[in-house]
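An overview of the molecular structure
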Amino acid sequence: ALPILLGMKATQENTLRLATLYAIGTIFAGIGWNAWNVYEYIHFLKEQTDYRNIHNSDHSMTDDGGGNHGNNPGNNLANFPNNEDNDLPPLTRDDFVTVAFFTIVMPLGVWFLCCIRAFEFRRLISEAEEEAAERIRNEYVVTETEDNASRAGDNIDDNSITEIV
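Residues numbered from 1 in each chain as written. Predicted model: local features only at pLDDT ≥ 70, side-chain atom pairs only at ≥ 80, totals over all residues. Heavy atoms only, no water.

**Things to note about the overall build of the protein chain**
Along the protein chain, the regular secondary structure elements total four helices and zero strands. Secondary structure elements of the protein chain, listed N to C terminal, follow the sequence α-α-α-α. Residues counted as buried form 19% of the 165 residues belonging to the protein chain. Counting only contacts in the protein chain whose residues sit at least 6 apart along the sequence, the fraction spanning at least 24 positions is 73%. Surface summary for the protein chain: the accessible area is close to 12,400 Å², and the carbon and sulfur share equals 60%. (Helix = DSSP H or I, 4+ residues; strand = E, 2+ residues; numbered from the N terminus. Buried < 20%, exposed > 50% of the residue type's maximum accessible area, 1.4 Å probe, protein only. Contact = heavy atoms within 4.5 Å. Areas by Shrake-Rupley, 256 points an atom, 1.4 Å probe, with all protein chains shown as cover.)

Here it is in structure tokens:
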């Protein structure tokens, strides 16, 4: 939320300091968000791997006549929160790749673009501030030159166009 507030304030006030804080805040928010996504994916992967191991041992014991193994609560497929139906097959490698893409890679790409835009905004503000400072310097030099010319011209009759008309 802080980068969003800084971004709104930076676009209204257009200062390099706020634009820099916005860019840095966007990077930190992106790192935090993506770290959370990686954590969630690892948790999901562990949960699904445990489910696959139990599912495979369940079918191998049933096929071998291993007896009732459901008395062990650790091996009960109903203990997994995403398992509404005990007959669901475990996820395949392609399923894991798809989940990784939508959980990690896509948000990482979006945050990367957000960080690029934040630093581009910072660069534009920096260029605008430099241009404004250059204009002020040029205006100061022109004004100072005109003042010197008017002081030197106090001794000469001033025949400007406005006086003739």
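**Structural notes on the environment of Glu-40**
Within the secondary structure, Glu-40 sits in helix H2 (residues 16–64). On the basis of relative accessibility, which here comes to 32%, the residue Glu-40 falls in the partly exposed class. As a C-alpha pair, Glu-40 and Thr-103 span 63 residues in sequence and 8.3 Å in three-dimensional space.

**Topic: a nonpolar patch on the surface**
On the surface, Ile-24, Ile-27, Phe-28, Ile-31 and Phe-119 cluster together to form a nonpolar patch covering roughly 460 Å² of accessible area. Among the elements that line the nonpolar patch, the one with the most residues is H2, at four residues. On the secondary structure map, Ile-24 appears in helix H2. (Patch = residues over 30% accessible without salt bridge, like charges linked within 9 Å, V, L, I, M, F, W, Y side chains within 5 Å. Salt bridge = Lys/Arg side-chain N within 4 Å of Asp/Glu carboxyl O.)

**A few points about the side chain of Asn-37**
Within the element layout of this structure, Asn-37 appears in helix H2. Other than its neighbours up to four places away in sequence, Asn-37 contacts Thr-103, Ile-104 and Pro-107.

**Some details on the packing of aromatic side chains**
Throughout the structure, instances matching the rule amount to six aromatic pairs. Between the aromatic rings of Trp-33 and Trp-111, the centroid separation amounts to 6.2 Å while the plane-to-plane angle is 45°, which identifies the pairing as tilted. Of the two residues, Trp-33 is situated in helix H2 and Trp-111 in helix H3 (residues 93–152); the sequence distance between them amounts to 78 residues. Between the aromatic rings of Tyr-41 and Phe-44, the centroid separation amounts to 6.3 Å while the plane-to-plane angle is 35°, which identifies the pairing as tilted. Within this pair, Tyr-41 and its partner Phe-44 are both found in helix H2, separated by three residues, close to a single helical turn. Taking relative accessible area as the criterion, Tyr-41 reaches 13% and is therefore assigned buried. Residue class for Phe-44 comes out buried when judged on its relative accessible area of 19%. In textbook terms, an aromatic cluster arises when at least three aromatic residues are bridged by ring pairs, as seen for Tyr-41, Phe-44 and Phe-96. (Phe/Tyr/Trp six-rings, centres within 6.5 Å; stacked < 30°, edge-to-face > 60°.)

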